Amino acid sequence: MTATMDKFLRDGRSLLLAYDQGLEHGPTDFNERNCDPSFILEIAEKGGYSGVVLQKGIAEKYYDGKVPLILKVNGKSNLPRGEPVSRQICSVDEAVSLGASAVGYTIYLGSQFEAEMLQEFGRLHELAHDCGLPVVAWIYPRGAAVKNDTAPEIVAYAARAGLEIGADAVKIKYSGDTASFAWAVRNAGKTKVYMSGGPKAPTEDDFLKQVAGAMAAGATGLAVGRNVWQSQDPFGISQRLRRLVLEKETIEAGEPEAN
Ligand code: FBP
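Small disclaimer: the values here were computed from a predicted structure and weren't measured.

## What about the packing of helix α8 (residues 204-216) against helix α10 (residues 234-245)?
Here comes step 1: Two numbers describe how α8 lies on α10: the axes approach to 10 Å, and their chain directions differ by 20°. The pairing of α8 with α10 is recorded here as roughly parallel in orientation. Our pair here, α8 against α10, has a crossing hand that is right-handed. From α8, Glu204, Asp205, Phe207, Leu208, Val211, Ala212 and Met215 reach across to α10, where they touch Ile237, Arg240, Leu241, Leu244 and Val245.
Here comes step 2: In terms of residue class, the contact of α8 with α10 is made up of nine nonpolar, no polar and three charged.

## Re unusual backbone geometry
Excluding glycine, residues mostly have negative phi values, and the peptide bonds linking residues are mostly trans.
Here comes step 1: At Asp11, a residue that is not glycine, the phi angle is positive and equals roughly 50°.
Here comes step 2: With respect to the helices and strands, Asp11 occurs in the segment before β1 (14-18).
Here comes step 3: The exposure class assigned to Asp11 is exposed, which follows from its relative accessible area of 62%.
Here comes step 4: A positive phi angle, near 60°, is found at Lys248, a position not held by glycine.
Here comes step 5: Structurally, Lys248 can be placed in the segment after α10.

## Observations regarding the site of the ligand
Here comes step 1: The environment of the ligand is formed by 16 residues, the closest being Asp20, His25, Tyr140, Lys171 and Arg226.
Here comes step 2: Contact between the ligand and Tyr140: an oxygen atom at 2.4 Å from a side-chain N or O atom of the residue.
Here comes step 3: One of the backbone nitrogen or oxygen atoms of Gly198 is found 2.7 Å away from an oxygen atom of the ligand.
Here comes step 4: The protein chains hide 92% of the 470 Å² of surface that the ligand would expose on its own.
Here comes step 5: Among the residues making up the shell around the ligand, the classes are represented as four nonpolar, six polar and six charged.

How each quantity is defined
Residues numbered from 1 in each chain as written. Predicted model: local features only at pLDDT ≥ 70, side-chain atom pairs only at ≥ 80, totals over all residues. Heavy atoms only, no water. Axes fitted to C-alpha atoms, helices over the stretch in contact; angles between N-to-C directions. Helix = DSSP H or I, 4+ residues; strand = E, 2+ residues; numbered from the N terminus. Parallel < 35°, antiparallel > 145°, perpendicular 65-115°, else oblique. Left-handed = near helix turned anticlockwise from the far one by under 90°. Contact = heavy atoms within 4.5 Å. Nonpolar A, V, L, I, M, F, W, Y, C, P; charged D, E, K, R; others polar. Buried < 20%, exposed > 50% of the residue type's maximum accessible area, 1.4 Å probe, protein only. Near = heavy atom within 4 Å. Polar contact = N/O pair within 3.5 Å; in protein donor to acceptor, adjacent residues only side chain to side chain. Areas by Shrake-Rupley, 256 points an atom, 1.4 Å probe, with all protein chains shown as cover.

Right, here's the structure in full:
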């Protein structure tokens with residue numbers, strides 16, 4: 001069976017709000033306001049997001065069905081040292097019962113444990129598609145073999161790997177400029193490409209220029225977390241992102257430092 005990202009697309013574009021950082025990074029990312037999952041779901045709904053990304057514990061206790069859910073089914077903390085590996089911690093059946101419209105899985109391409117993650121992804125892909133759920137691959141080249149995870153050839157490799165392994169959408173880091181990101185998008189073929197937000201940019205305009213660069217390169221959209229819910233005005237920046245991504249407004253694409 002095949003599965004599509006259609007539920008997350010509006011006129012070919014999509015804006016996702018990511019909130020799995022509590023596991024990936026810990027509460028160091030949070031403040032009094034954004035550590036509350038209900039606040040994030042409010043941003044997702046009122047901000048007009050196409051989807052929200054949660055781990056299963058948050059989905060189980062807080063998800064209200066107002067915005068389509070991408071359930072992250074693997075994850076890890078940032079405490080272990082050494083080569084990164086992220087294993088599956090939630091089944092496709094659980095994702096379905098939690099109301100997910102897609103599942104997400106992170107692969108650290110280039111890690112010593114790449115083979116384990118690729119194999120697990122293969123099985124997940126089969127089971128998810130059997131249930132009609134699309135699969136979003138977070139492909140983050142990482143580990144001792146990867147010197148620069150935002151180098152254009154590495155970002156393009158991540159995009160291509162997404163297509164090769166059957167991802168319906170791939171989430172990759174920005175490569176720093178429109179031309180090199182366009183090459184990554186080209187290599188992803190029919191796999192949808194989402195730019196990953198990254199740590200909070202020095203200014204909102206810096207971030208928006210980066211997003212504009214990714215959209216000009218042909219990306220489907222953006223999967224963003226910290227640049228929205230760490231903002232002083234999460235609803236304001238959501239509105240600017242919505243215009244840029246979903247309403248196809250154009251601003252000059254800048255070339256800030258890649259994250
Ligand atoms: P951000 O916009 O906050 O970077 O979120 C995107 C994301 O992919 C999250 O889904 C994930 O938790 C995080 O980045 C992982 O960041 P990293 O592994 O680069 O520290």
